[in-house]
Amino acid sequence: MQEEVESRTVNLAISTSKLTARTIVSAARGYLNHRRNVSLRKGQTADKEPSGKQTVKELLGQGQGVTNLDIAQTDLKGFERVARKYGIDYAIRKDASVDPPKYLVFFKAKDADAMEAAFKEYSQKALRKEERPSVLNQLRKFKELVASLPGKVINREKKRELDR
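Keep in mind it's a predicted model, so treat the numbers as computed, not measured.

## Considerations on helix α6 (residues 135–148)
Count 3.6 residues to each turn of an α-helix, and residues three or four apart come out pointing the same way. Between its terminal C-alpha atoms α6 stretches 20 Å, which fits the 20 Å expected from 14 residues at 1.5 Å a residue. By the criterion of burial, α6 is predominantly exposed, with just zero of the 14 residues buried. For α6, the N-terminal cap is S134; the gap from its side-chain oxygen to the backbone nitrogen of L136 is 3.4 Å.

Shown next, in the form of structure tokens:
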């Protein structure tokens, strides 16, 4: 029993001129970061697998099949928003060998159904966005329309009568 308690205790030495709660909290955070780094160096896996946007290397390292899709550069942020909504693990890679460059979206094979649904939603949003009229074009038309209207004729000449 005593050995179990001893193996679970931690000695933490802090050198400070004034001991405050903030100092204790920062020391505890430092200790937890150290423990996390030590456990990762020993080959243990992290507590939480990466999710969402990752590098291709991290995605391949999870030991599942990976598939990819081509996507236009026009609205990557919009696609990322939809992918996060569906909880998809993905990685985006730029293929600069083609002009204009295209973007490849890699995702896990187990996420294929979710990816298909997310891609449908993304493409519907993109189509709706294209169908909407441009606000700038409408503004230009209205400017031209207002400019073509006859304005008031303002006579700024003031006549003074001379009283003699």
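## Some points on the pattern of salt bridges
The final tally for this structure, using the stated rule, is three salt bridges. Across the pair E80 and K77 runs a salt bridge whose closest N-O atoms are separated by 3.9 Å. Here E80 pairs with K77, and both are found in helix α4 (residues 76–86), just three residues apart, close to one helical turn. The class of E80 is buried, set by a relative accessible area of 8%. A salt bridge links E121 to K85; the nearest nitrogen and oxygen atoms lie 3.0 Å apart.

## Details of the sheet that holds strand β1 (residues 66–71)
Where strands meet in a sheet, backbone hydrogen bonds hold them as pairs that are either parallel or antiparallel. Taken in spatial order, the three strands of this open sheet run β1-β3-β2, and their pairing is antiparallel. Of all the strands in the sheet, the pair left with one neighbour each is β1 and β2 (90–95). On average, each strand axis in the sheet is tilted by 25° relative to the strand beside it, whichever way the strands run. When β2 meets strand β3 (residues 102–108), the two strands line up antiparallel, connected through six bridges. Pairing of D95 across the sheet is with K102, part of β3. Across the sheet, α4 lies against β1, β2 and β3, angled at about 160° from β2, the strand it touches most.

The rules behind each value
Residues numbered from 1 in each chain as written. Predicted model: local features only at pLDDT ≥ 70, side-chain atom pairs only at ≥ 80, totals over all residues. Heavy atoms only, no water. Helix = DSSP H or I, 4+ residues; strand = E, 2+ residues; numbered from the N terminus. Expected span 1.5 Å × (residues − 1). Buried < 20%, exposed > 50% of the residue type's maximum accessible area, 1.4 Å probe, protein only. Polar contact = N/O pair within 3.5 Å; in protein donor to acceptor, adjacent residues only side chain to side chain. Salt bridge = Lys/Arg side-chain N within 4 Å of Asp/Glu carboxyl O. Pairing = 2+ DSSP bridges. Axes fitted to C-alpha atoms, helices over the stretch in contact; angles between N-to-C directions. Contact = heavy atoms within 4.5 Å.

Any link to function would need more than the numbers given here.
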